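Coordinates in review
As a plain string of letters, each chain reads:
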Amino acid sequence: MAPTTLFAACGSDGGEQSATTDPSTGMPTAVESTAAPDTQAPTSTGPAVAERSGTLPAALDAAPVSLDPHTNSNFSSLQVLDHIYESLTTVDANGDVAPALAASWEINADATEDTFTLREGVMFHDGSTFDAEDVVYSLNRVLNPDTAAPFVGWLGPVKEVVADDDLTVRVSYNSPFSGLLSSLAARRASAIMPSGFAEANAPTKVTIGTGPFVLREYVPDDRVILDANESYWDPALPKISELQLKVLVEESARVAALQAGQVDFASVSAQSASSLESGGLNVLRSPTAWLGLTIFNLNVAPLDDPKVREALRLAISVPEVIEKAGFGAGVQSGPIATGFGNWYLEAADLPTDGGDKEAAQRLLEEAGYGASNPISLKITTSPEYSEFTAIAQILQESWRQIVVESEIDSLEFSTYVDTYKAGEFEVFVGAHSFRPNPQAALFPYFHPDGTQNYGYENPEVTRLIDTAAGEPDEARREELYKEAQKLLLMDSPYLWFYARLGHEAVSDRVKGYTSAFNGLQTAFRFVSVD
């Protein structure tokens, strides 16, 4: 394979990606729900300076737990940090990998080294100049085990990150790896901060990035106020002067704020969408990578028993979960969210035997459990997301019918997140948000070296994941990842339910907003307000 070079002026990788997915990474397209801007990746061809004006008040449906872009694991934090921090790559309006802090890159012939040429003249929010030292510092901070970065596995088998000069960074791998470009674009383990920033500051509360917005005020559990970055490297962006992110966890509060004109944007459920439309608001509907699921901690008996896990799975009707928890706005999914490139399992490969209480009961009896030796479980959830509570209640009632007793432990959101990270749970109700490539969707959770693996190991799944990571042929890689997913469905370390259909309510004041498969509101930088 010849080296691949991407130039910023192209806005793509020279034609190797399609309009709907990046063949090497599976990056899905963004869904354009309104008239879209020309691109979601800022250009570098000297655009006119923006005439910034207006304030966009938007609702957050969950509070950010931390502002540290490297150590947080919750999506609500990323929804804020997406506006403040940047990485070497981003995604454009088609969902393709595009330049951000890197102006171009080159991949060597055997996919063991990526070389990035950095964008010149970029400034951090504190006025310091961005250079290669900052990239090396930021990526090494993620790679450092002491950081405990939950998404470090996304970076692949990194051998070293070095600066060749002020504007050149090389990332080398211990084995071939094709997923870095899309992983960087997802910004979960790749945000660039100034060298030494984390040691000199409190990065959970203070931010210094290069993004289009600058943090002015952060009041935990209440609001985040961002100002336009007047020194942003793309002077045409952002178009608004202020972004107000208000934490409104209860959907009734978000709906009331929309109807009263107190916010101009909010994510809502399918149940609320119709009433908002009849009230004159625009509701954008689009597929998302939000995947509702339940995690079993296999380090805890009897969840280490495959028969017990299979019985618990059989007791649950996925259509019931979609209808009651998602109000019907979802599609059944396997381990990789349905709709993500070509990597997900088709409906024919997904289980349809859920809800069979008699079969579940027989399996439990085979495993030695029943009325005389009952199973008792704790289901951890959080009221921050109503879907989590609904799923937990369905699990509890369905399992009660097969003589499995369970207690629902509903935790405040930050405690809920900490409980997950510490592995101090038995059954955990949650969701996976966007994963940038199939490796990132599987490796952290089901590979023995994964940082979020809670006791699962299947040598064949490990082999498939490792082989796929370095496989240059896309079709073969797809086969490997699908084989791994089918085995995961048989082993049931998780229960996978549905990929959500997103609903975003937007007022008529907001012009140019587009919905995205990854669920982020990156498009806020492109919008104008009347």
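Owing to the predicted nature of the structure, the values given are computational and were not obtained by experimental measurement.

Observations regarding the overall build of the protein chain
- Within the protein chain one finds 14 helices and 20 strands.
- Its C-alpha atoms give the protein chain a radius of gyration of 23 Å, near enough to 24 Å, the size a compact globule of 530 residues would have.
- Judged by the C-alpha coordinates and their principal axes, the protein chain covers about 75 × 55 × 45 Å.
- Residue burial in the protein chain is summarised as follows: out of 530 residues, 59% are buried.
- Residue pairs in contact within the protein chain that sit at least 24 positions apart in sequence constitute 72% of those at least 6 positions apart.
- Only carbon and sulfur atoms are counted for the fraction: they give 48% of the accessible area of the protein chain, which is about 19,600 Å².
- Charged side chains of the protein chain number 33 positive and 74 negative; the gap between the two group centres comes to 4 Å.

A closer look at the packing of aromatic side chains
- What the rule picks out here adds up to 31 aromatic pairs.
- Aromatic side chains Phe434 and Phe517 sit 6.4 Å apart centroid to centroid with 85° between the ring planes, which places their arrangement in the edge-to-face category. With Phe434 in the loop between strand 17 (427–432) and helix 12 (438–446) and Phe517 in the loop between strand 19 (510–511) and strand 20 (528–529), the pair connects residues that are 83 residues apart, well separated along the chain. Judged on exposure class, the residue Phe434 and its partner Phe517 are both buried.
- An aromatic cluster is built from Trp290, Tyr385, Phe388, Phe413, Tyr416, Tyr420, Phe425, Phe428, Tyr454 and Tyr498, whose rings are joined through pairwise contacts.
- In this structure, Arg500 is placed above the aromatic ring of Trp290, and the distance from its NZ or CZ to the ring centre is 3.9 Å.

Overview of the pairing of strand 6 (residues 113–118)
- The two faces of strand 6 differ: Asp114, Phe116 and Leu118 on one face are buried, but Glu113, Thr115 and Thr117 on the other face are not.
- Across five bridges, the pairing between strand 5 (residues 102–107) and strand 6 is antiparallel. Residue pairing in the sheet places Ala102 in a bridge with Leu118 of strand 6.
- Hairpin connection of strand 5 to strand 6: five residues between the antiparallel strands, including Ala111 at a positive phi of 60°.
- Note: strand 6 against strand 8 (residues 168–173), five bridges, orientation antiparallel. Residue Phe116 lies in a different strand from strand 8, and its bridge partner there is Val169.

Topic: the pairing of strand 17
- Counting buried positions along strand 17 gives five out of six residues, so the element sits mostly inside the fold.
- When strand 13 (residues 282–296) meets strand 17, the two strands line up antiparallel, connected through six bridges. Bridging from a neighbouring strand, Leu291 pairs with His432 of strand 17.
- Judged from the two bridges that link them, strand 15 (residues 375–381) and strand 17 form a sheet pairing that is parallel. Note that in strand 17 the partner of Thr380 across the bridge is Phe428.

A word on the packing of helix 12 against helix 13 (residues 459–469)
- Relative to each other, helix 12 and helix 13 sit at 140°, their axes nearing to 11 Å. Here helix 12 lies oblique to helix 13, going by the angle between them. Every pair of crossing elements has a handedness; the one defined by helix 12 and helix 13 is left-handed. Facing helix 12, whose interface residues are Gln439, Leu442, Phe443 and Phe446, helix 13 presents Val461, Ile465 and Ala469.

Details of the nonpolar core
- By size, the foremost hydrophobic cluster in this structure holds 145 residues, and its most contacted members are Phe116, Leu395 and Trp399.
- With twelve residues, the next largest nonpolar core counts Ala257, Ala266, Val268 and Leu276 among its residues.

Thoughts on helix 6 (residues 270–278)
- Among all positions in helix 6, only Ser272, Ala273 and Leu276 are buried. Taken down its axis, helix 6 places every buried residue within 115° of arc, on the same side. The exposed set on the far side of helix 6, more than 90 degrees from its buried face, consists of Gln271 and Ser278.
- Buried residues along helix 6 sit in contact with helix 5 (251–259), strand 13 and strand 18 (494–506).
- At the exit of helix 6 stands Gly280, carrying a positive phi of roughly 100°.

Overview of the side chain of His83
- As for its position among the elements, His83 is in the loop between helix 1 (75–81) and strand 3 (89–91).
- By relative accessible area, His83 is classed as buried at 1%.
- With residues up to four places along the chain from it excluded, the contact list for His83 reads Gly211, Pro212, Phe213, Leu226, Leu243, Leu245, Gln521, Phe524 and Arg525.

Examining the environment of Thr115
- Within the secondary structure layout, Thr115 lies in strand 6.
- Taking C-alpha positions, Thr115 is 5.4 Å from Trp105, a pair spaced ten residues apart along the chain.
- Aside from chain neighbours lying at most four places away, what touches Thr115 is Ser104, Trp105, Glu106, Thr168, Val169 and Arg170.

What counts and how
- Residues numbered from 1 in each chain as written.
- Predicted model: local features only at pLDDT ≥ 70, side-chain atom pairs only at ≥ 80, totals over all residues.
- Heavy atoms only, no water.
- Helix = DSSP H or I, 4+ residues; strand = E, 2+ residues; numbered from the N terminus.
- Rg over C-alpha atoms; globule rule 2.2 N^0.38 Å.
- Buried < 20%, exposed > 50% of the residue type's maximum accessible area, 1.4 Å probe, protein only.
- Contact = heavy atoms within 4.5 Å.
- Areas by Shrake-Rupley, 256 points an atom, 1.4 Å probe, with all protein chains shown as cover.
- Lys, Arg positive; Asp, Glu negative; His and termini not counted.
- Charge placed at Lys NZ, Arg CZ, Asp CG, Glu CD.
- Phe/Tyr/Trp six-rings, centres within 6.5 Å; stacked < 30°, edge-to-face > 60°.
- Lys NZ or Arg CZ within 6 Å of the ring centre and 35° of its normal.
- Pairing = 2+ DSSP bridges.
- Axes fitted to C-alpha atoms, helices over the stretch in contact; angles between N-to-C directions.
- Parallel < 35°, antiparallel > 145°, perpendicular 65-115°, else oblique.
- Left-handed = near helix turned anticlockwise from the far one by under 90°.
- Core = buried A, V, L, I, M, F, W, Y, C linked by side-chain atoms within 4.5 Å.
- Arc of directions from axis to C-beta.

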